[in-house]
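# Survey of secondary and tertiary structure
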Protein chains: 2
Amino acid sequence: MFTAKIKVTLRKTILDPQGKTVEHSLKSLGYDNISGTRIGKYVEMKIDAKSKEEANKIAEESCKRLLSNPVMEDYEFEII
Amino acid sequence: MFTAKIKVTLRKTILDPQGKTVEHSLKSLGYDNISGTRIGKYVEMKIDAKSKEEANKIAEESCKRLLSNPVMEDYEFEII
């Protein structure tokens, strides 16, 4: 049994209004030295695979086919 | 300049309907060997701090005060 830890983030060229809002709120709490805030999704799932390679393939396909929007988002994951 | 990579996840005892839905969708795509899917938030931000300790403190406070709901969510982060 493996665990996949997946991060899905907006591509750098895409505006992130949610991130801007969070950053603005942090500034109003007094944290002036924060910039470039970006918000994404974090997905954790257990994969019952025979090998790490198989788990890797399943995670990769899940990201491509369901978890990310290939036009606007990037993903990265680790299998442990 | 440091980068904080923050994961905010629902506590294990809290039901995660969004995770269940994603898992159900993955199953209908043919991935039967996936379980325990949990969805959280991923936040990345740049912190202009003098030391790693200071960046650490700012990230910790941001999580506590704004990014997570302490009743329902856990957070973890790394500073690089």
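First things first, this report covers the structure right here in the doc. Here the structure is a predicted model, which is why all the values come from computation and not from measurement. Here the residue numbering is sequential within each chain, running from 1 through the sequence in written order. Chain labels run from A onward and ligand labels from 1 onward, assigned in the order the entries are written. It should be noted that, the model being predicted, local features are given only for residues of pLDDT at least 70 and side-chain atom pairs only at 80 or more, the latter also being counted only at that level, while totals for whole chains, interfaces and linings use all residues. Values shown for side chains rest on all heavy atoms present in the structure; no hydrogens or waters enter the calculation.

Time to look at the interface of chain B and chain A. Contact residues are listed per partner, giving 33 residues for chain B and 33 residues for chain A. We define buried area as the total accessible area lost by two parts upon association, computed with a 1.4 Å probe and summed across both. Buried surface at the junction of chain B and chain A, both sides included, amounts to about 2900 Å², of which 59% is carbon and sulfur. In terms of surface lost to chain A, no three residues of chain B exceed B:Y31, B:N33 and B:Y42, which account for 22% of the buried area on that side. A pair is scored as a salt bridge if a Lys or Arg side-chain nitrogen falls within 4 Å of a carboxyl oxygen belonging to Asp or Glu. Scanning the region where chain B abuts chain A turns up zero salt bridges. Polar contact criterion, stated in full: a pair of N or O atoms within 3.5 Å, where within protein one must be able to donate a hydrogen and the other to accept it, and residues adjacent in sequence count only if both atoms are side-chain atoms. The tally of links between chain B and chain A comes to 12 residue pairs in polar contact (both at pLDDT 80 or more). Each helix is a run of H or I in the DSSP string that is no shorter than four residues. Each strand is a run of E no shorter than two, and both are numbered from the N terminus. Those elements giving two or more residues to the side of chain B that touches chain A turn out to be β1 (2–10), α1 (17–28), β2 (34–47) and α2 (52–67) of chain B. Element by element, the count of residues in the side of chain B that touches chain A is highest for β2(B), at 14 residues. Taken together, the residues that form the side of chain B that touches chain A break down as 14 nonpolar, eight polar and 11 charged. Two strands pair under a simple rule: DSSP has to find at least two bridges between them. Relative to β2(B), strand β2 (residues 34–47) of chain A runs antiparallel, the two sharing 11 bridges. Its bridge partner being in β2(B), A:Y42 is matched across the sheet by B:G40. What makes two residues a contact is simply this: any of their non-hydrogen atoms within 4.5 Å. Only Asp, Glu, Lys and Arg are considered charged, only Ala, Val, Leu, Ile, Met, Phe, Trp, Tyr, Cys and Pro nonpolar, and every remaining residue, Gly among them, polar.

Turning our eyes to something else, we now look at the relation of the copies chain B and chain A. To line up the copies, we fit them by least squares on C-alpha atoms, keeping just the residues with pLDDT of at least 70 in both. For these two chains of identical sequence, chain B goes onto chain A by a turn of 180° and a shift of 0.0 Å along the axis, with RMSD 0.0 Å. Expressed as a symmetry operation, the mapping of one chain copy onto the other fits a two-fold axis. When the interface residues of chain B are mapped onto chain A, 100% of them again lie at the interface, so the same face is used by both copies.

Taken in spatial order, the six strands of this open sheet run β3(A)-β1(A)-β2(A)-β2(B)-β1(B)-β3(B), and their pairing is antiparallel. At either end of the open sheet lies a strand with only one pairing partner, and these are β3 (73–79) of chain A together with β3 (73–79) of chain B. The average undirected angle you get between the axes of adjacent strands in this sheet is 25°. Pairing of strand β1 (residues 2–10) of chain A with β3(A), which is carried by seven bridges, proceeds in the antiparallel orientation. The partner of A:K7 across the bridge, within β3(A), is A:E76. Convention adopted: a line fitted to C-alpha atoms gives each axis, helices being fitted over their contacting stretch, and angles between N-to-C directions are expressed from 0 to 180 degrees. Lying over the sheet, α1(B) contacts β2 of chain A together with β2 of chain B, oriented at roughly 120° with respect to β2(B).

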